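Fold and geometry: a report
Residue strings, one per chain:
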Amino acid sequence: MAFAGNVDELALLQSVRLKGSVSAPVLAVQLGVTESSAQAALDALIAAGRASDSGDAGVSLTDAGVAELEDQLDAERVSIDEDLFAEVVERFEPLDEEFAELTEDDVDAIVDLDRRASDVFDDVSAYVPRLARYQELLADSLDRVKSGDSFSDSYAVVWSELRREIRSASEQ
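Let me sum up the structure you'll find in this document. (Residues numbered from 1 in each chain as written. Predicted model: local features only at pLDDT ≥ 70, side-chain atom pairs only at ≥ 80, totals over all residues. Heavy atoms only, no water.)

The helix and strand tally for the protein chain stands at eight helices and two strands. Across the protein chain, helices and strands are ordered from the amino to the carboxyl terminus as α-α-α-β-β-α-α-α-α-α. Whereas a compact globule of 172 residues would reach a radius of gyration of roughly 16 Å, the protein chain reaches 16 Å, a difference of no more than 12%. Seen along its three principal axes, the alpha-carbon backbone of the protein chain occupies a region of about 45 × 40 × 25 Å. Expressed as a percentage of its 172 residues, the buried residues of the protein chain come to 43%. (Helix = DSSP H or I, 4+ residues; strand = E, 2+ residues; numbered from the N terminus. Rg over C-alpha atoms; globule rule 2.2 N^0.38 Å. Buried < 20%, exposed > 50% of the residue type's maximum accessible area, 1.4 Å probe, protein only.)

So, in structure tokens, the structure goes:
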């Protein structure tokens, strides 16, 4: 559902929760929107009492925001075919275990894992369309890792958030 700034409210709420505290520039990248759209969405969350200024130039969810997020996640889960999505999660788990063993120096292994995980992430996106953005975030992060950026500051963060999203979507 479109929210202020033409941002999907569920994606917005979940992004704020996953980040803990988020600024408009970070949220814009996370959601693939303009910074002004991200700021409008954050302002609307604050006005609705679902978020508050976290004091570090960021915004965090309030109890009302967390409650709204949980309601929306519950509604999203109802639309997911539980058995078929469980198969996707089953295919993801070994990849996630392999991911846990990777280090900064394993750029070739990271690239290989990303390639092999892409089919699983395609299926994740088919069942939970809001998660399709993670494939773009992973690709951008992988490019940064290939260019020498820190694995743990980029790709690992995105993968970890997607892991949380997949596990959350599979909770029935």
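That covers the picture; the talk isn't over yet.
Summed over the entire model, instances satisfying the criterion amount to 17 salt bridges. Put simply, E93 and R167 hold a salt bridge, and the shortest N to O gap is 3.4 Å. Residue E93 is found in helix 5 (residues 82–100), and its partner R167 is found in helix 8 (residues 155–170); the two are separated by 74 residues along the sequence. E93 gets classed as partly exposed once you look at its relative accessible area, which sits at 23%. You can call R167 partly exposed: its relative accessible area is 36%. Beyond isolated ion pairs, a larger network of salt bridges with shared partners links E93, D96, R163 and R167. (Salt bridge = Lys/Arg side-chain N within 4 Å of Asp/Glu carboxyl O.)

What follows covers the packing of helix 2 (residues 24–31) against helix 3 (residues 35–47). Running from amino to carboxyl end, helix 2 crosses helix 3 at an angle of 110 degrees, the nearest separation of the two axes being 8 Å. The orientation of helix 2 relative to helix 3 falls into the category roughly perpendicular. Counted together, A24, P25, L27 and A28 of helix 2 and E35, A38, Q39 and L42 of helix 3 form the full contact between these two elements. Residue classes in the contact of helix 2 with helix 3 are distributed as six nonpolar, one polar and one charged. (Axes fitted to C-alpha atoms, helices over the stretch in contact; angles between N-to-C directions. Parallel < 35°, antiparallel > 145°, perpendicular 65-115°, else oblique. Contact = heavy atoms within 4.5 Å. Nonpolar A, V, L, I, M, F, W, Y, C, P; charged D, E, K, R; others polar.)

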